[in-house]
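Structural overview for review
Here is how the chains run, residue by residue.
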Amino acid sequence: MRRASIGGGMQRGTVERAIAGDKAAFSSLVEAAASQQFAIASLILRDRDRAQDAVQDALILAWRNIGALRVPDAWDAWLRRLTVRACFAASRRERRRSRVELPAILDREPAAPGDDILALAERDRIRWALDRLAIEQRAVIVLVYYVGLSLSDTATSLDIPIGTAKSRLHRGLGVMRRSLDAPMPEPNTQISERAS
């Protein structure tokens, strides 16, 4: 599920101009990458508002530090890393606030015309299983299964050793399997703490 980006050579030139301080070039890069970064953040944080904030934080950081990007071809991986780090920071802030969240089961999107009831139920079950994961596990699963990165690229994006990425993927999939095998709680029941 890789996004179509600006053509390779064209993107490289745009990144080089952005590194040199060209605001229009940076805006062009952001426009091409924003929807994928938002999708990544939404899947990791499971909240649209927090995801928007995390992407905005990542883009501000990218603009402030684009001069540090030495390899223009690494733009996508670099921006993805900034987005994931912003998601982790948002999650830490949320935990410190100790805010009680409504169960994710109540956060359903309205059915699109033609959506099959079974498909909706399955989508809800997968979202519920994703919500059971620690954010570090969720980030690996999102990058591997939703973005389509290899495990090696995922480890690079998260700035972790490949062994750690493999471990988080394995443990996260185990938690999801157990969650999918268990019955979903009723919408008014309390959801226990997420698995680590």
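Just so it is clear, the structure is predicted and the values come from calculations on it, not from any experiment. (Residues numbered from 1 in each chain as written. Predicted model: local features only at pLDDT ≥ 70, side-chain atom pairs only at ≥ 80, totals over all residues. Heavy atoms only, no water.)

A few words on the overall build of the protein chain. The number of helices and strands found in the protein chain is eight helices and zero strands. Listing every helix and strand of the protein chain by position from the N terminus yields α-α-α-α-α-α-α-α. Of all intrachain contacts in the protein chain linking residues separated by at least 6 positions in sequence, the fraction that spans at least 24 positions is 70%. A total accessible area of about 11,300 Å² is found for the protein chain, and carbon and sulfur atoms account for 53% of it. (Helix = DSSP H or I, 4+ residues; strand = E, 2+ residues; numbered from the N terminus. Contact = heavy atoms within 4.5 Å. Areas by Shrake-Rupley, 256 points an atom, 1.4 Å probe, with all protein chains shown as cover.)

This part takes up the nonpolar core. Within the largest apolar cluster, 49 residues are counted, with the highest numbers of intra-cluster contacts made by Ile44, Trp75, Val84 and Leu158. For this core, the elements supplying multiple residues, two or more each, are helix 1 (8-19), helix 2 (23-45), helix 3 (48-65), helix 4 (75-97), helix 5 (117-131), helix 6 (135-146), helix 7 (151-158) and helix 8 (162-181). For this core, the leading source of residues is helix 2, giving ten residues. In contact with Leu158, not counting residues within four places along its chain, are Val84, Phe88, Ala139, Val140 and Leu143. (Core = buried A, V, L, I, M, F, W, Y, C linked by side-chain atoms within 4.5 Å. Buried < 20%, exposed > 50% of the residue type's maximum accessible area, 1.4 Å probe, protein only.)

Further remarks concern the environment of Val142. Along the chain, Val142 turns up in helix 6. The spacing of Val142 and Leu43 is 99 residues in sequence and 6.6 Å in space, taken between C-alpha atoms. Among all residues touching Val142, those that are not within four sequence positions of it are Ile40, Leu43, Ile44 and Val147.

With that settled, the discussion passes to the packing of aromatic side chains. Scanning all chains against the criterion turns up three aromatic pairs. For the ring pair Phe26 and Trp75, a centre distance of 6.0 Å and an interplane angle of 85 degrees mean the geometry is edge-to-face. Here Trp75 lies in helix 4 and Phe26 lies in helix 2, a separation of 49 residues in the sequence. By relative accessible area, Phe26 is classed as buried at 8%. For the ring pair Trp75 and Trp78, a centre distance of 5.9 Å and an interplane angle of 50 degrees mean the geometry is tilted. Note that Trp75 and Trp78 are positioned in helix 4 at a spacing of three residues, about one turn of the helix. Each member of the pair, Trp75 together with Trp78, is buried. Chaining the aromatic ring pairs together yields one cluster made of Phe26, Trp63, Trp75 and Trp78. (Phe/Tyr/Trp six-rings, centres within 6.5 Å; stacked < 30°, edge-to-face > 60°.)

Glancing now at the confidence of the model for the protein chain. Averaged over all residues, the pLDDT of the protein chain equals 79, while 74% of them reach at least 70. Counting interchain partners and residues more than four positions distant, the pLDDT-below-50 stretch residues 188-196 has 19 contacts. (pLDDT = per-residue confidence, 0-100.)

Our next topic: helix 7. Listed as buried for helix 7 are Thr154, Ala155, Ser157 and Leu158. The buried residues of helix 7 all sit within an arc of 160 degrees when viewed along its axis, so they share a single face. Phi turns positive one or two residues past the end of helix 7, at Asp159, with a value near 60 degrees. (Arc of directions from axis to C-beta.)

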